[in-house]
Amino acid sequence: MKKSLTLIVGTLALLAGSALSSFAADKEISWIYCGDKIDPVHEKYIKQWEEKNAGWKIAPEVVGWAQCQDKATTLAAAGTPVAMAYVGSRTLKEFAQNDLIVPVPMTDEEQKSYYPHIVDTVTFDGTQWGVPIAFSTKALYWNKDLFKKAGLDPETPPKTWAEEIAFAKQIKEKTGVAGYGLPAKTFDNTMHQFMHWVYTNNGQVIDKDGKITMDSPEVLAALQAYKDITPYSVEGATAYEQNEIRAIFLDGKAGMIQNSTGAAYRLLKTDIHWGVATLPLGPEAKGPGTLLITDSLVVFKGSGVEDKAKEFAKFITSPGPQEEYELTTDSGLTPLRPSPRVDQLVKDKPYWKPFIDGIAYGGPEPLFTDYKGFQNAMIEMVQSVVTGKAEPAAALKKATAAIEQYK
């Protein structure tokens, strides 16, 4: 029996204007493409693939970020799927268990081409269900001017959680400015931000066998650290998501934040003296870590062109096209694969190094059948601790019990 599909947030009314056009025509691969426009790199390689595959056409439909995944899901659930779509990898298990997508297995050679753990973001039950197309990691940014004003060495970022909390406290007490920017809004990246702490303390939420392992000393320590840093963070954390916290940092009103390379591109246009380093480590860490977030191309079941869609998905995300896509935009995407060009990127732009270094001990977004249920339970746990409504141990036990139903 299929499990209930929770990804659909609208109604089937969405189909009214698109049902007839959503059927994949003979030798046409329809693609729901998220964004405002097709990236020029993708346009280039779509044309190249079509030239090498006579009689086949890629038919991308550009849909805004806020609607694209919902539209692909709604069409698939209604039995009128597009051939392929861009989705958050976190949703793959739910799609697969509702029999909406087909596996896209990788060879050993393909798997080894990626950085460690990337393939884990699209794998469950030993099978790959999507092809990564976008990747994000996080690092710690610090404001050197605020460090100096607080009496801290502006060239020395915190290396451990204990130092991070102590530095945040000193900045708050000496300057009156928040020492850290902790986001806790009811928003998906509140869960993401917490998972960075989990993976910088050798913790996990669910193991490869599907067993919930969250109620552990490693995760409890991460939640306790959240409680400990909250008094020195931006006031009213539940009002902010990570991009709003980034804006506060860019305004010089926070001493430290964790963010993607997108913050670096913005900081380069400011007068702030800043630095970036790998995320501080918890007491059980084995090395620098981060949450590994990927988006993927999925191939929907029932389009009639599944095999050719899989072929194209692998082509457009193969090392050449993918690397060109990542390195010729200011999107802030972390490269999915190591290469000489990535080595040169780090050499030319040293601020990239922490985002690469954190991969080795990073971990994937946990895959759940009801991802939104899992996400909401995690957000509730974080919010209960930062607002003082619950102690970390009690909040962790409650959340661990809650997410059992979503695996």
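Keep in mind it's a predicted model, so treat the numbers as computed, not measured.

Conventions and cut-offs
- Here the residue index of a chain counts from 1 through its sequence in written order.
- Only residues with pLDDT of 70 or above have their local features reported here, since the model is predicted, and side-chain atom pairs are shown and tallied only from 80 upward, although totals for entire chains, interfaces and linings are computed over all residues.
- To obtain the side-chain values, all non-hydrogen atoms of the structure were included, while hydrogens and water were left out.
- Starting at the N terminus, helices and strands are each numbered in turn, a helix being any DSSP run of H or I of at least four residues and a strand any DSSP run of E of at least two.
- The quantity called the radius of gyration is restricted to C-alpha atoms. Its globule counterpart is 2.2 Å times the number of residues to the power 0.38.
- Note on exposure labels: buried denotes an accessible area under 20% of the residue type's maximum, exposed denotes more than 50%, and partly exposed covers the range between, all computed with a 1.4 Å probe on protein chains only.
- Contact criterion: two residues are considered in contact whenever any of their non-hydrogen atoms come within 4.5 Å of each other.
- Here, a strand pair is defined by DSSP locating no fewer than two bridges between the strands.
- Where helices are involved, their axes are fitted lines through C-alpha atoms of the stretch in contact, as for all axes, and angles between N-to-C directions lie from 0 to 180°.
- Only one rule defines a salt bridge in this text: a Lys or Arg side-chain nitrogen within 4 Å of an Asp or Glu carboxyl oxygen.
- In these notes, a set of buried Ala, Val, Leu, Ile, Met, Phe, Trp, Tyr and Cys residues joined through side-chain atoms within 4.5 Å is what counts as a nonpolar core.
- Roughly parallel means an angle under 35 degrees; roughly antiparallel means over 145; roughly perpendicular covers 65 to 115; every other angle is labelled oblique.
- Crossing chirality is assigned from the near helix's rotation relative to the far helix, an anticlockwise turn below a right angle marking it left-handed and a clockwise turn marking it right-handed.
- Here the nonpolar group is Ala, Val, Leu, Ile, Met, Phe, Trp, Tyr, Cys and Pro; Asp, Glu, Lys and Arg are the charged ones; every other residue, Gly included, is treated as polar.
- An automatic or database domain assignment supplies the residue ranges for each domain.
- Here the quantity called buried area is the total loss of accessible area, with a 1.4 Å probe, experienced by two parts when brought into contact, counted for both.
- Side-chain atoms alone can form a polar contact between residues adjacent in sequence; in general such a contact is a pair of N or O atoms within 3.5 Å, and within protein one must be able to donate a hydrogen while the other accepts it.

Turning next to the overall build of the protein chain. When helices and strands are tallied, the protein chain shows 17 helices and 11 strands. A globule of 407 residues ought to have a C-alpha radius of gyration of about 22 Å, and the protein chain, at 22 Å, matches this closely. With the C-alpha coordinates aligned to their principal axes, the bounding extent of the protein chain is approximately 70 × 50 × 40 Å. Classification of the 407 residues of the protein chain by burial places 57% in the buried group. Of the contacts made within the protein chain by residues no fewer than 6 positions apart, 77% connect residues no fewer than 24 positions apart.

This part is about the sheet that holds strand β7 (residues 139–143). With antiparallel pairing, the 3 strands of this open sheet are ordered in space as β8-β7-β9. Edge strands, defined here as strands with exactly one partner in the open sheet, are β8 (256–259) and β9 (274–277). For this sheet, the mean angle separating the axes of adjacent strands, direction not counted, is 25 degrees. Pairing geometry for β7 and β9, over 4 bridges, is antiparallel. When the bridges of β9 are listed, Trp 142 appears paired with Gly 275. Of the strands in this sheet, β7 and β8 are in contact with helix α10 (residues 242–250), which crosses β8 at around 140 degrees.

This part covers the pattern of salt bridges. A full pass over the atoms with the stated rule returns 17 salt bridges. Glu 61 is the salt-bridge partner of Lys 71, the closest N and O atoms lying 2.5 Å from each other. Highlighted residues: Lys 71 in helix α3 (residues 65–77) and Glu 61 in strand β2 (residues 57–63), separated in sequence by 10 residues. Judged by relative accessible area, which is 12%, Lys 71 ranks as buried.

As a rule of thumb, nonpolar side chains are buried together in soluble globular proteins. Residues Tyr 141, Phe 300 and Phe 312 are the most contacted members of the largest nonpolar core, which totals 80 residues. Apart from the residues within four sequence positions on either side, Phe 300 is in contact with Ala 72, Ala 76, Pro 81, Val 82, Ala 83, Met 84, Ala 85, Phe 95, Leu 100, Ile 101 and Glu 306. Within the second largest apolar cluster, 51 residues are counted, among which are Val 219, Met 256, Tyr 371 and Ile 379.

Following both chains from N to C, one finds helix α8 (residues 188–199) and helix α9 (residues 217–229) inclined at 120 degrees, their axes separated by 8 Å at the closest point. By the angle between their axes, α8 is oblique relative to α9. Like other packed secondary-structure pairs, α8 and α9 cross with a definite hand, here right-handed. On the side of α8, the interface is formed by Gln 193, Phe 194, Trp 197 and Val 198, while α9 contributes Val 219, Ala 222, Leu 223, Ala 225, Tyr 226 and Ile 229. The residue makeup of the contact of α8 with α9, split by class, is 9 nonpolar, 1 polar and no charged.

Here the focus is the environment of Leu 182. Summarising the element assignment, Leu 182 is placed in the loop between α7 (161–175) and α8. In this structure the C-alpha to C-alpha distance between Leu 182 and Phe 95, which are 87 residues apart in sequence, comes to 32 Å. Sequence-distant contacts of Leu 182, that is, excluding residues within four places in its chain, are made with Tyr 226, Ile 229, Thr 230, Ser 233, Ala 237, Ile 245 and Val 386.

For the rest of this paragraph, the subject is the side chain of Thr 400. Locating Thr 400 in the fold gives a position in helix α17 (residues 392–403). For Thr 400, a relative accessible area of 12% gives the class buried. Beyond its immediate stretch of four places on either side in the chain, Thr 400 contacts Ile 212, Met 214 and Asp 215.

Once that is clear, we can look at the domain arrangement of the protein chain. Structurally, the protein chain comprises domain 1 (28–136 + 293–359) and domain 2 (139–289 + 368–404). Each of domain 1 and domain 2 has a C-alpha centre, and the two are 28 Å apart. Facing the 17 residues of domain 1 at the interface are 21 residues of domain 2. Carbon and sulfur atoms supply 62% of the area that domain 1 and domain 2 bury against each other, a total of about 1,700 Å² over both sides. When the area that domain 1 buries against domain 2 is broken down by residue, the three leading residues are Arg 90, Tyr 351 and Phe 355, summing to 37%. Linking domain 1 to domain 2 there are 1 residue pair in polar contact (both at pLDDT 80 or more). Listed by contribution, the elements that provide at least two residues to the side of domain 1 that touches domain 2 are α4 (92–97) and α15 (353–357).

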